[in-house]
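Okay, here's what each chain looks like letter by letter:
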Amino acid sequence: MKKITILFLSVLTLGLSVSSCSSDDDNDGGTSSVEGKWELSQVGYVVSGKEMLEDAENGACSNDIYEFTNDGKFKYTEYYSNEGKCEPDTYNGTWTKNGNTLKIKFTGEDEESYETEISGNKAKLKQTYSEGGQSITYVEVYVKK
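Now for a quick tour of the structure. (Residues numbered from 1 in each chain as written. Predicted model: local features only at pLDDT ≥ 70, side-chain atom pairs only at ≥ 80, totals over all residues. Heavy atoms only, no water.)

Glancing now at the state of the cysteines. If you walk through the whole model with that rule in mind, you get 1 disulfide. Each disulfide pairs two cysteine sulfurs, and for cysteine 61 the partner residue is cysteine 86, the sulfurs being separated by 2.1 Å. Looking along the S-S bond of the cysteine 61-cysteine 86 disulfide, the torsion reads about -100 degrees, which is the left-handed sense. You can see cysteine 61 sitting in the loop between β2 (50-55) and β3 (65-68) and its partner cysteine 86 sitting in strand β5 (residues 85-98), a full 25 residues away along the chain. With a relative accessible area of 9%, cysteine 61 lands in the buried category. (Disulfide = S-S within 2.5 Å. Helix = DSSP H or I, 4+ residues; strand = E, 2+ residues; numbered from the N terminus. Buried < 20%, exposed > 50% of the residue type's maximum accessible area, 1.4 Å probe, protein only.)

A separate point is the pairing of strand β8 (residues 122-131). The pairing of strand β7 (residues 111-119) with β8 spans 5 bridges and is antiparallel. Note on β8: the bridge partner recorded for isoleucine 118 is alanine 123. Connecting β7 to the antiparallel partner β8 that follows it, the hairpin turn spans 2 residues, and glycine 120 within it adopts a positive phi of roughly 65 degrees. Direction of pairing for β8 relative to strand β9 (residues 134-144): antiparallel, over a ladder of 10 bridges. Along β9, the bridge assignment pairs glutamine 127 with tyrosine 138. Between the antiparallel neighbours β8 and β9 lie 2 residues, among them glycine 132 with a positive phi of about 60 degrees. (Pairing = 2+ DSSP bridges.)

Without other data, these values stay purely geometric and don't point to any function.
Structural data, given as structure tokens:
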């Protein structure tokens, strides 16, 4: 009877440890899928290693939206006010993601690379560039719709 109890507890422990590991599959440290519709939520910069973000506001118009499809294509819609009326400009292109790097290429334009952090329904796109000899990191935060 003692051997059966030990065997049962061993199998139960093994079963619990295997099932608890499988729930981590969706949390891959920021390399989650970008497929879906994402609306701009915040913008800002990294200053002295600290993110300085503020809410993205576009007046009475909607905030910009990326829509990534699983076939490697995207649609980007930015909204602007034209004599008090909100109007969209839509751009298309292709995207690839490798680890924490998202590369987007607008049709007819150069490819742009972004460092990405995706956690749940929030994605941060960071792009670093040089201006006046200084390195500047611009940050856009998108929320999945």
